[in-house]
Amino acid sequence: MQTASTNIGERMGRSQELSDSKRGPVIGGHLGNKSIRDISWLLNIPRSTVSGIITKWKQLGTTATQPPSGRPRHMTGRGQRMLKRTVRRSRQLSAESIAKDLQTWCGLQMSPTTVRRELHGMGFHGRAAASKPSITKCNAKRRMPWCKARRHWTLERYLPDCIVPSVKF
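Residues numbered from 1 in each chain as written. Predicted model: local features only at pLDDT ≥ 70, side-chain atom pairs only at ≥ 80, totals over all residues. Heavy atoms only, no water.

Observations concerning the overall build of the protein
A count of helical and extended segments in the protein gives nine helices and zero strands. Secondary structure elements of the protein, listed N to C terminal, follow the sequence α-α-α-α-α-α-α-α-α. Split into buried and exposed, the 169 residues of the protein put 17% on the buried side. When contacts within the protein are restricted to residue pairs at least 6 apart in sequence, long-range pairs at least 24 apart make up 45% of them. Of the roughly 13900 Å² that the protein leaves accessible, carbon and sulfur atoms contribute 55%. (Helix = DSSP H or I, 4+ residues; strand = E, 2+ residues; numbered from the N terminus. Buried < 20%, exposed > 50% of the residue type's maximum accessible area, 1.4 Å probe, protein only. Contact = heavy atoms within 4.5 Å. Areas by Shrake-Rupley, 256 points an atom, 1.4 Å probe, with all protein chains shown as cover.)

Observations regarding the packing of helix α3 (residues 36-43) against helix α4 (residues 47-60)
With their axes 9 Å apart at the nearest point, α3 and α4 run at an angle of 115° to one another. The element α3 and its partner α4 pack so that their crossing is right-handed. Residues Ile36, Arg37, Ile39 and Ser40 of α3 form the contact with α4, whose participating residues are Arg47, Val50, Ser51 and Ile54. Considered class by class, the residues forming the contact of α3 with α4 number four nonpolar, two polar and two charged. (Axes fitted to C-alpha atoms, helices over the stretch in contact; angles between N-to-C directions. Left-handed = near helix turned anticlockwise from the far one by under 90°. Nonpolar A, V, L, I, M, F, W, Y, C, P; charged D, E, K, R; others polar.)

Overview of the packing of helix α2 (residues 20-31) against α4
Each pair of packed helices can be summarised by the angle the axes make with each other and by the distance between the axes. At a minimum axis separation of 10 Å, α2 and α4 run at an interaxial angle of 80°. Taken together, the axes of α2 and α4 are roughly perpendicular relative to one another. Of the residues in α4, those in contact with Arg23, Val26, Ile27, His30 and Leu31 of α2 are Val50, Ile53, Ile54, Trp57 and Lys58. Classifying every residue of the contact of α2 with α4 by side-chain character gives seven nonpolar, one polar and two charged. (Parallel < 35°, antiparallel > 145°, perpendicular 65-115°, else oblique.)

What to know about the layout of surface pockets
Reported here for the second largest pocket is a volume of approximately 250 Å³. Looking at the second largest pocket, it is lined by 13 residues, and the ones nearest its centre are Arg91, Leu119, Phe124, His125 and Gly126. For the lining of the second largest pocket, the elements supplying multiple residues, two or more each, are α6 (95-105) and α7 (112-122). Take the lining of the second largest pocket: its biggest share by element is three residues, from α7. Looking at the lining of the second largest pocket residue by residue, the classes come out as six nonpolar, five polar and two charged. (1 Å grid on protein atoms, 1.4 Å probe; cavity = no way out; pocket = protein on both sides within 12 Å on 5 of 7 lines; lining within 4 Å. Points joined across faces, edges and corners; volume = space filled by probe spheres on them.)

Let's talk about the nonpolar core
Leu83, Ile98, Leu102, Val115 and Leu119 are the most contacted members of the largest nonpolar core, which totals 13 residues. Mapped onto this core, the elements with two or more residues apiece are α5 (77-89), α6 and α7. Excluding its chain neighbours within four sequence positions, the residues that come into contact with Val115 are Leu83, Ala95, Ile98, Ala99 and Met110. With seven residues, the next largest nonpolar core counts Val26, Ile27, Ile39 and Ile54 among its residues. (Core = buried A, V, L, I, M, F, W, Y, C linked by side-chain atoms within 4.5 Å.)

Quick notes on the environment of Arg116
Summarising the element assignment, Arg116 is placed in helix α7. Of the residues examined, Arg116 reaches a relative accessible area of 44% and is grouped as partly exposed. Sequence separation between Arg116 and Ser94 is 22 residues; the distance between their C-alpha atoms is 9.4 Å. For Arg116, the contacting residues outside a window of four places in its chain are Ala95 and Glu96.

In structure tokens, the structure reads:
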């Protein structure tokens, strides 16, 4: 029987998908009334993999690789890198102009909505800057005396006693 210390490097971590030539003997061992542990030991495959192959064979009647679920991604890794570079160069570009740039540079035909979704996934978010009142010269003259009059204020002086506790900071 195989011990836990042997082939530990082969058994740990994620590995490649098993070929059909390795899946066939698993099903053959199962049909020959071998236990999952015995099949695993004979073929040097993890027990969870053997169990998964047998379960898949029972449910689908085949051990062939099924196509992945879901729609394939529109944007490749190269396109994502190009999109990130474009946005970092100029942060104020609109999604429409970015989509046109990607069309001319990479040949990727995508909508501005897709561009926004991709940028959101990369951590870029479109937000407007906080509006700050512009201080005119006239307003600055009025504010200066008001600020000087309140330069040495304290919480106890300007707030009622019921709101502020009597503890000093």
